[in-house]
Amino acid sequence: MSYETIVLEERGAVALITLNRPEALNALNRQLMDELTDAVRSIEANDAIGCTVITGSDRAFAAGADIKEMQSKSYADVMMEDFITANWEEVTRTRKPMIAAVAGYALGGGCELAMMCDFILAGENARFGQPEIQLGVIPGAGGTQRLTRFVGKSKAMEMCMTGRMMDAAEAERSGLVSRVVPTEDLLEEALSVATKIAELSRPALFLLKESVNKSYEVPLDEGVMFERRVFHSLFAFDDQTEGMEAFVEKRTPNFTNK
Ligand code: DAK
């Protein structure tokens, strides 16, 4: 598939996806989400890639679902085409680590897309919000659920009820983003973090991601037991032997993902 609304590049073992509809502040229309879905699937199948960075421009990560495309849809349309579910959720299915590098606006579906990633690095100019209530709807791609888990009920309720934007400092204080960096350094920093992650043991990363995500789904004792069993299972991999040997021998490990 050739892409018009995203750019997919390989930077060593890192895939870089750049959302690319500058005329619409990267509003997420059907074509873009279809292309993103295809790109994420191709990265998943590409053994040379160990981690993905998804980013936008300095002005906008993404200003939400495309309102102009959505405005004429009826209930029957959105229900029958399984709007959102059909092509928005591949990011939540990928086993490979995915980092959102957010500068500028991440609003509505843009904020939701960033929250689907494993973590968010923000530029100092990043602004997050769920303004759907101002359009007479509510977040439809997980915003009411994921934002609440990130920042707690009070702030999520306020953000979703008023549609106000949160700046990068508030987003970091609230736990929505892992770190804030100068906007001009954002991409370089995200790629550097992704490169380090891509060098690690892929089976361990897959299982790490499953374990952290499990904490959203199950009670603490079940989550800890899941983690324990996963931890045990990693002793079946060559990468565990290699990682520990390399530490003892004071050298860099050479993981083979086996
Ligand atoms: N959709 C389409 N076009 C957009 C857009 C969007 N979300 N955001 C910006 N644009 C376009 C603008 O229309 C404008 O295009 P032209 O007029 O030049 O043709 C261009 O991008 C530049 O935008 P502005 O001129 O407005 O730029 P400003 O710097 O003045 O303002 C802004 C930037 C980000 C504050 C503003 O553009 C803005 O408020 N944008 C809309 C943000 C928003 O409301 N996002 C949430 C979208 S709703 C569901 C139902 C609904 C949803 C999901 C599911 N189901 C039924 C399941 C809703 C999801 C959403 O994300």
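This section reports on the structure supplied with the text. (Residues numbered from 1 in each chain as written. Predicted model: local features only at pLDDT ≥ 70, side-chain atom pairs only at ≥ 80, totals over all residues. Heavy atoms only, no water.)

A closer look at the site of the ligand
Around the ligand, 23 residues are found, and the nearest of them are R59, A63, A65, I67 and G109. The contact in question runs from a nitrogen atom of the ligand to an N or O atom on the backbone of A63, over 2.9 Å. Taking I67, its main chain carries an N or O atom lying 2.9 Å from a nitrogen atom of the ligand. Listed by contribution, the elements that provide at least two residues to the shell around the ligand are α2 (67-70) and β6 (105-107). When residues of the shell around the ligand are assigned to their parent elements, the largest contribution, three residues, is made by α2. For the shell around the ligand, a count of residues per class yields 14 nonpolar, four polar and five charged. (Near = heavy atom within 4 Å. Polar contact = N/O pair within 3.5 Å; in protein donor to acceptor, adjacent residues only side chain to side chain. Helix = DSSP H or I, 4+ residues; strand = E, 2+ residues; numbered from the N terminus. Nonpolar A, V, L, I, M, F, W, Y, C, P; charged D, E, K, R; others polar.)

Points about helix α10 (residues 186-198)
With 13 residues, α10 extends 18 Å between its outermost C-alpha atoms, agreeing within 8% with the 18 Å of an ideal straight helix rising 1.5 Å per residue. Those residues of α10 lying buried are L186, A190, L191, V193, A194, I197 and A198. Take α10 and look down its axis: the buried residues cluster within an arc of 165°, on one side only. In α10, the exposed positions that point more than 90 degrees away from the buried face belong to E188 and K196. (Expected span 1.5 Å × (residues − 1). Buried < 20%, exposed > 50% of the residue type's maximum accessible area, 1.4 Å probe, protein only. Arc of directions from axis to C-beta.)

Section: the sheet that holds strand β10 (residues 179-181)
Pairing within the open sheet is mixed, and its six strands lie in the order β1-β2-β3-β5-β7-β10. Strands at the two margins of the open sheet, each flanked by one partner only, are β1 (6-11) and β10. Taken over all neighbouring pairs, the strand axes of this sheet differ in orientation by 20° on average, direction set aside. As judged from the three bridges shared by strand β7 (residues 119-123) and β10, these two strands associate in the parallel manner. Counted as the bridge partner of A122 is V180 from β10. (Pairing = 2+ DSSP bridges. Axes fitted to C-alpha atoms, helices over the stretch in contact; angles between N-to-C directions.)

Points about the pairing of β7
Counted residue by residue, β7 has four buried out of five residues, so it is predominantly covered. Where strand β5 (residues 98-102) and β7 come together, four bridges link them in parallel fashion. Among the inter-strand pairings, V102 is bridged to a residue of β7, identified as A122.

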